[in-house]
Structures are given as C-alpha cells and as structure tokens.
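Descriptive analysis of the structure
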Amino acid sequence: MPDPTLQISPSILSADFANLERELARIADADWAHVDVMDNHFVPNLTLGQPVVEALVKVSPIPIDAHLMIEDPDRWAPGYAEAGARSVTFHIEAVRDPVATARAIRAAGARAAFALKPGTPFAPYEELLHEVDMVLVMTVEPGFGGQAFMADQMPKVAQVREAVRRRGGEIWVQVDGGVSADTIGQCVEAGADVFVAGSAVYGAEDVPARIGQLRDLARTHRCG
Ligand code: DX5
Ligand code: ZN
C-alpha cells in the first residue's frame, strides 16, 4: 500500500528520452513522476519545456512533479500548472516574487514548492512556509543526474522539518539528488517525506522492484 507520508518521485532525467511514454509506464507504482525542466541558464543543461510537460501529463499514469531549474520562474512557473503538472517547484535563487509565484501556481490548480540549492540557507525563507505545499532541499548541485549525494544537506532537511512541525499544516519536505537505497535512510531520519531518485530507479534492472525497495527502506527507517 502506498504511504501518503512517504512518497517516491522517480526523475525521468535518467530515463530514455526517446521513449518517455514507455518510461512513465515503468514507474506507474510510484507516487509522482519528477520532471526536471532546465533552461541552460539557471543550470548548465537543457532538457524540456512546457509543451513536452503538457504531452507527458496526457500519457502519465501518475501525477507530474515539475522541478523548474530555470530563470524567471515568476513568468513561466504558472504555465506548468496550467499544462497539468500537479506540483510545480521553482528555485528560490531565481524567483523575484516567491509569494506571487506560489499563489499563481496554486491558483492554476497545482501544489506549489520552492527549492534550495546546496549553498542556499533555509532560515531567510521560513516565512514563506504558509505560501507553499512543499520545500525541496537539493542534495546535489542542480543540473545533472548521477551525482554523489551530499550528506551535509541533512541538517537543512531537519531544520525545514522542524519549522514545518512548529508551524503545523501539511507541508512536504522533498530531497533530490543522489537518493538511493544507500542514502534514503538518512533522508528519512532527517525528516524528508518525498524522495526523488533518477539514476537509482532507471538504472535498476527491475524498475518497479527498485521503487518498492526504496519505499520499504523509507518505511523501515521511519519506524526504526
Ligand atoms: C538534478 C535533478 C534531479 C536528478 C536526480 O538537477 O534535479 O532530479 O534527476 O538524479 P539522481 O537521482 O541520479 O541524482
Ligand atoms: Zn529534480
């Protein structure tokens, strides 16, 4: 049974881009399909944009979790919600007006989230918690899949979790980058509840089994 408080969001960045419909079908057991939008400006990599997200929404068996690594999300982020992404995350380093941007995403019917790069502290943005549904703590420098997990981000995850607890309400804490069977436990223990995994999922021989394994490990660490 999927546990709504421990969710797996495989990143299609590590999937076969020539066969995205088939690649989405392989992760039908997950909670979200994480789609990394990169513009070659905010990060030194270029992936896909709104028309492709719109096409993915139509064929995806699970909701789309759009992670926007782009400049000027104030202008572009609401369009991803309108395209049908059910969660839209913008980077706090790129946004000018996070409150207006989060409200526009929500008004378009999606959950809103802000992301923090490894070098970005959480404390200055704590007041934004009442405007969002999730905070993404990056556990690699954004831009590429397959990088090594940064365990030094765990105190930030714990800090966000503690702020959420103090404030109350249902705000998810997502981790993204280097999440695998080896590292998911420390993410759970720090307080994360949504786990993005790209290479760990699509690099597995049996993709559904890997998703199940990550879910089981997360559950074990929460109970342990
Ligand atoms: C990196 C992306 C991640 C990436 C994670 O900038 O935001 O979503 O796909 O890939 P892994 O899990 O391989 O680190
Ligand atoms: Zn991502």
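Residues numbered from 1 in each chain as written. Chains lettered and ligands numbered in written order. Predicted model: local features only at pLDDT ≥ 70, side-chain atom pairs only at ≥ 80, totals over all residues. Heavy atoms only, no water.

Attention now moves to the environment of V175. Tracing the backbone shows V175 in strand 7 (residues 172-176). Since its relative accessible area comes to 0%, V175 is described here as buried. Once the C-alpha coordinates of V175 and S87 are considered, the two residues, 88 residues apart in sequence, prove to be 14 Å apart. In contact with V175, other than residues within four places in its own chain, are L136, V137, T139, V157, C187, A192, V194, F195 and V196. (Helix = DSSP H or I, 4+ residues; strand = E, 2+ residues; numbered from the N terminus. Buried < 20%, exposed > 50% of the residue type's maximum accessible area, 1.4 Å probe, protein only. Contact = heavy atoms within 4.5 Å.)

So, on to the pattern of salt bridges. Side chains carrying opposite charge are able to pair once their charged atoms draw close together. In this structure the tally under the stated criterion is 11 salt bridges. Among the ionic pairs, R103 bridges to E131, the shortest N-O distance being 2.7 Å. Here R103, found in helix 4 (residues 98-107), pairs with E131, found in the loop between strand 5 (111-116) and strand 6 (134-138); they are 28 residues apart in sequence, far enough to count as distant. Among the residues examined, E131 registers a relative accessible area of 7% and is labelled buried. (Salt bridge = Lys/Arg side-chain N within 4 Å of Asp/Glu carboxyl O.)

In this section: the site of ligand 1. Taken together, 20 residues form the shell around ligand 1, and within it G143, D176, G178, G198 and S199 come nearest. In the environment of ligand 1, an oxygen atom lies 2.8 Å from a nitrogen or oxygen atom belonging to the side chain of S11. Here S199 contributes a side-chain N or O atom positioned 2.5 Å from an oxygen atom of ligand 1. Its free accessible area being 380 Å², ligand 1 has 100% of it covered by the protein chains. Looking at the shell around ligand 1, the elements with two or more residues in it are strand 2 (33-38), strand 3 (64-69) and strand 8 (194-197). The element contributing the most residues to the shell around ligand 1 is strand 2, with three residues. (Near = heavy atom within 4 Å. Polar contact = N/O pair within 3.5 Å; in protein donor to acceptor, adjacent residues only side chain to side chain. Areas by Shrake-Rupley, 256 points an atom, 1.4 Å probe, with all protein chains shown as cover.)

Now for the coordination of the zinc ion (ligand 2). Around the zinc ion (ligand 2), the protein contributes the donor atoms H34 (NE2), D36 (OD), H67 (ND1) and D176 (OD), which lie 2.0 to 2.3 Å from the metal centre. Its six donor atoms give the zinc ion (ligand 2) angles of 72 to 171 degrees at the centre, a pattern that matches the octahedral case. Mapped onto the polypeptide sequence, the residues donating to the zinc ion (ligand 2) form the spacing pattern H-x1-D-x30-H-x108-D. You can see D36 sitting in strand 2 and its partner D176 sitting in strand 7, a full 140 residues away along the chain. (Donors = N, O, S within 2.8 Å, 3.2 Å for Na, K, Ca; no water. Tetrahedral: all angles 85-135°; square planar, octahedral: opposite > 155°, others 65-115°.)

Right, let's talk about the side chain of H67 for a bit. Topologically, H67 is positioned in strand 3. Of the polar contacts made by the side chain of H67, one reaches the side chain of H34; its length is 3.4 Å. The residues contacting H67, other than those within four sequence positions of it, are H34, V35, D36, V37, T89, H91, A115, L136, M138 and D176.

When the terminal C-alpha atoms of helix 8 (residues 207-223) are compared, their 25 Å separation across 17 residues agrees well with the 24 Å that a helix rising 1.5 Å per residue should span. Residues V207, I211, L214, R215 and A218 constitute the buried set of helix 8. Across the axial projection of helix 8, the buried residues extend over an arc of 95 degrees, all falling on one side. Set apart from the buried face of helix 8 by more than 90 degrees, the exposed residues are T220 and C223. Where helix 8 is buried, its residues touch strand 1 (7-10), helix 6 (184-190), strand 8 and helix 7 (199-202). One side-chain oxygen of the residue at the start of helix 8 lies 3.0 Å from the amide nitrogen of A209, identifying that residue as D206. (Expected span 1.5 Å × (residues − 1). Arc of directions from axis to C-beta.)

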